[in-house]
Amino acid sequence: MQTISLKHPDRFFINGVWTPPSSDATVEVLSSSTEELFVRVAEAQEEDVNRAVAAARKAFDDGPWPRLSHRERAAYLCAIGEEIDKRVADQAILLTQESGVIKSVSDAMSAALGDVFRYYASLAETYVFEEERQPGPGSGNVGLLVREPVGVVAAIVPWNAPAFLMAYKSAPALLAGCTVIIKASPEAPAAGYVLAEIAEKVGLPPGVLNILTADREVSEMLVRHPDVDKVTFTGSTAAGRKIGAICGERIARCTLELGGKSAGVILDDTDVEAAAKTISGWAGWLTGQACSSLTRIIVSQNRHDAFADALAAAFSATKVGDPFDPTTQMGPLAIARQRDRVEHYIQQGKAEGAKLLTGGGRPIGIKKGYFVEPTVFSNVSNDHVIAREEIFGPVLSVIPAKDEEDAIRIANDSNYGLNASVFTNDVDRAYAVARRLRSGTVGHNSFRTDFHIAFGGFKQSGIGREGGTEGLAPFLETKTILLDAYPSQYPKAKTSKL
């Protein structure tokens, strides 16, 4: 079994040092493909959370970090990016072992991590953190709008892409001047240890970045903690709803990237074979454990059967197996609990009367690991459970529509609005339909998302955005300063960038 050595899996990274846990509680993580013990790490309790929050609070209130210039903080981010580049192979192994992602995808995702930190470092030169605004009558002679760090940030990450999401939460927060507590998932904690080792190596000031692993109950203590100014969370809508409610009670800021039931709308000028191959090719990405996956495929009634058959043929040809085998196209699900969940939804789909075209069980000949077959249902009604609820696995539903107008209606008839795609040869039609879809991202002729621009959802798919400049804004508070005259350090009538 491929593995890596972690420096201190029995400790937490708090206040810049490896801190012994307050109890002997541990979390055992099994390999998704072999069910063998992969790593054992310390499990945080309330006392450990309080230590981490206290360290982050002190670092923000009294430490140098928020008072450094953006350029000075950017230098640290560049150093982190360089060290991440040296650990790409390690992060890829962790993602494959803990989450079941095939190695080729793990390699690509891990290779991009350093660029996330370098991108946010570059915003130190281009993002407008302070600008002049014209004050209203009687409000002074000079108006300044400044953007300052929101404070102590709790970043709660899931198990499907932990290192990727840690990067997109911590890099903008750190550039903004925030201090951060990363709460790693007990199902996939190892990426947090690698990031902690890097933070130690580059010499981040004490308390700026703290990392621990905890279950839901202890994580809720972090969300409720009065010294946490902002929570950024990626995970299920059910968990996000509770986090949002807690933050609302104490008026804490929050960014919530939640579930999805994303629609692929197949217009009548699209080649069904080509569309089916494209959709099936992406459906196995992260073994369907991606909130943005296209899982509701909407096609006109007169083309439904042809498309569904083509999709089933393409998806059933997907090679399922050892995620470290370069010929494998889809690996296992991350954990046994998730496999049970997916199998439960498959049984519901059958019970509701949807037609099972392919899959629905466990791959023949694979004795170990949390594998399920690539599964396609046709003749799915949009009110079926498998069309309404996020399954988080390789299960696709083909839904017939009367016409294009009906397809748009069906696509929007969902509690979610994270991602969508329009399949058509006419870019004008693609744009017109995209503008009518209630979704945070809409792609053309493929599964597409882009964290370089922005990622996030409408409706119950979340609040706020991650990635790009939009992903920096949630870690900043806006302050208005009204003065009688320009301060000496401020170039008269010019915008200043810190």
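Structure first, text after, so check above.
Reference entry: report on the structure contained in this document.

Thresholds applied
- Residues numbered from 1 in each chain as written.
- Predicted model: local features only at pLDDT ≥ 70, side-chain atom pairs only at ≥ 80, totals over all residues.
- Heavy atoms only, no water.
- Phe/Tyr/Trp six-rings, centres within 6.5 Å; stacked < 30°, edge-to-face > 60°.
- Helix = DSSP H or I, 4+ residues; strand = E, 2+ residues; numbered from the N terminus.
- Buried < 20%, exposed > 50% of the residue type's maximum accessible area, 1.4 Å probe, protein only.
- Lys NZ or Arg CZ within 6 Å of the ring centre and 35° of its normal.
- 1 Å grid on protein atoms, 1.4 Å probe; cavity = no way out; pocket = protein on both sides within 12 Å on 5 of 7 lines; lining within 4 Å.
- Points joined across faces, edges and corners; volume = space filled by probe spheres on them.
- Nonpolar A, V, L, I, M, F, W, Y, C, P; charged D, E, K, R; others polar.
- Pairing = 2+ DSSP bridges.
- Axes fitted to C-alpha atoms, helices over the stretch in contact; angles between N-to-C directions.
- Core = buried A, V, L, I, M, F, W, Y, C linked by side-chain atoms within 4.5 Å.
- Contact = heavy atoms within 4.5 Å.
- Parallel < 35°, antiparallel > 145°, perpendicular 65-115°, else oblique.
- Left-handed = near helix turned anticlockwise from the far one by under 90°.
- Disulfide = S-S within 2.5 Å.
- Salt bridge = Lys/Arg side-chain N within 4 Å of Asp/Glu carboxyl O.
- Expected span 1.5 Å × (residues − 1).

**Let's talk about the packing of aromatic side chains**
How two aromatic rings sit relative to each other is set out by the distance from centre to centre and by the angle between their planes.
Here is step 1: Counted by the stated rule, this structure contains 13 aromatic pairs.
Here is step 2: Between W18 and Y193, the aromatic rings sit 6.1 Å apart at their centres with planes inclined by 5°, giving stacked as the arrangement. Here the residue W18 occupies a position in strand β2 (residues 17–19), and Y193 occupies one in helix α7 (residues 190–202), the gap between them amounting to 175 residues.
Here is step 3: Here W285 and F447 contribute two aromatic rings whose centre-to-centre distance is 5.6 Å and whose plane-to-plane angle is 45°, an arrangement assigned as tilted. Of this pair, W285 sits in the loop between α10 (272–283) and β13 (294–300) while F447 is found in the loop between β19 (441–444) and β20 (458–459), placing the two residues 162 residues apart along the sequence.
Here is step 4: You can call F447 buried: its relative accessible area is 8%.
Here is step 5: Three or more aromatic residues joined by ring pairs form one cluster here, namely F164, Y168, F451 and F455.
Here is step 6: The residue whose ring lies beneath K230 is F475, and the NZ or CZ to ring-centre distance is 5.5 Å.

**Looking at the layout of surface pockets**
Here is step 1: The computed volume of the largest pocket comes to approximately 1,100 Å³.
Here is step 2: Lining the largest pocket are 43 residues, with R216, F233, G235, S236 and A239 positioned closest to its centre.
Here is step 3: Elements represented by at least two residues in the lining of the largest pocket include exactly α8 (216–224), β10 (230–234), α9 (237–249) and α12 (336–351).
Here is step 4: Looking at the second largest pocket, it is lined by 28 residues, and the ones nearest its centre are M109, F164, W285, T449 and F451.
Here is step 5: Taken together, the elements giving at least two residues each to the lining of the second largest pocket come down to α4 (103–111), α5 (113–126) and α6 (162–176).
Here is step 6: Here the residues of the lining of the second largest pocket are counted per class, giving 18 nonpolar, six polar and four charged.

**Some details on the sheet that holds strand β5 (residues 130–133)**
Whether parallel or antiparallel, the strands of a sheet pair through hydrogen bonds between backbone atoms.
Here is step 1: One open sheet holds the three strands; their spatial order is β5-β6-β22, and the pairing between them is antiparallel. Among the strands making up the open sheet, the edge pair consists of β5 and β22 (476–483). When the angles between neighbouring strand axes are averaged without regard to direction, this sheet yields 25°.
Here is step 2: Two strands pair when backbone bridges link them, and β5 and strand β6 (residues 142–149) are joined in this way by four bridges, in the antiparallel orientation.

**Things to note about the nonpolar core**
Here is step 1: Counting 96 residues, the largest nonpolar core has I80, V231 and L472 as its most contacted members.
Here is step 2: Ranked by residues supplied to this core, first place goes to α6 with ten residues.
Here is step 3: Discounting chain neighbours no more than four positions away, the residues touching V231 are A154, I156, V223, I243, C247, R253, C254 and T255.
Here is step 4: Among the nonpolar cores identified, the runner-up in size contains 28 residues, and V265, L267, V380 and A420 belong to it.

**Notes on the side chain of S446**
Here is step 1: Here S446 is to be found in the loop between β19 and β20.
Here is step 2: Beyond its immediate stretch of four places on either side in the chain, S446 contacts T278, W282, L294, S421 and F423.

**A word on the packing of α6 against α7**
Describing two packed helices takes the angle between their axes plus the distance from one axis to the other.
Here is step 1: The N-to-C vectors of α6 and α7 enclose an angle of 45°; their axes lie 8 Å apart at closest approach. It follows from the interaxial angle that α6 and α7 lie oblique. Taken as a pair, α6 and α7 cross one another with a handedness that is right-handed. Where α6 abuts α7, its residues P162, A163, M166 and S170 lie against A191, G192 and L195.
Here is step 2: Here the residues of the contact of α6 with α7 are counted per class, giving five nonpolar, two polar and no charged.

**Describing the state of the cysteines**
Each disulfide is one covalent bond, formed between the sulfur atoms of two cysteines.
Here is step 1: Enumeration according to the criterion identifies zero disulfides in this entry.
Here is step 2: Free of any disulfide, C178 has its nearest neighbouring cysteine sulfur in C247, separated by 14 Å.
Here is step 3: Look at C178 and you get buried, because its relative accessible area is 0%.
Here is step 4: C254 forms no disulfide, and the closest cysteine sulfur to it belongs to C247, at a distance of 4.6 Å.

**Topic: the pattern of salt bridges**
Where charged atoms of side chains with opposite charge meet at close range, the side chains can pair.
Here is step 1: What the rule picks out here adds up to 31 salt bridges.
Here is step 2: Between R71 and E125 there is a salt bridge, with its nearest N and O atoms 3.0 Å apart. Note that R71 is positioned in helix α2 (residues 70–86) and E125 in helix α5, a separation of 54 residues in sequence.
Here is step 3: A relative accessible area of 54% places R71 in the exposed class.
Here is step 4: You can call E125 partly exposed: its relative accessible area is 42%.
Here is step 5: The partner of E405 in a salt bridge is R436, and the shortest N-O contact between them spans 2.5 Å. Taken together, the positions of E405 in helix α14 (residues 404–412) and R436 in helix α15 (residues 427–436) put the pair 31 residues apart, joining distant regions of the chain.
Here is step 6: Given the relative accessible area of 41%, R436 is considered partly exposed.
Here is step 7: Connected via shared salt-bridge partners are E220, R224, K242 and E249.

**A short note on the side chain of T213**
Here is step 1: Mapped onto the elements, T213 comes out in strand β9 (residues 209–213).
Here is step 2: Beyond its immediate stretch of four places on either side in the chain, T213 contacts F12, V41, A42, E43, A44, A184, S185, P186, P189 and Y193.

**A word on α9**
Here is step 1: Between its first and last C-alpha, α9 extends 18 Å over 13 residues, near the 18 Å set by a 1.5 Å rise per residue.
Here is step 2: Where α9 is concerned, the buried positions are T237, G240, I243, I246 and C247.
Here is step 3: Positive backbone phi, approximately 55°, marks I251, located one or two places after α9.

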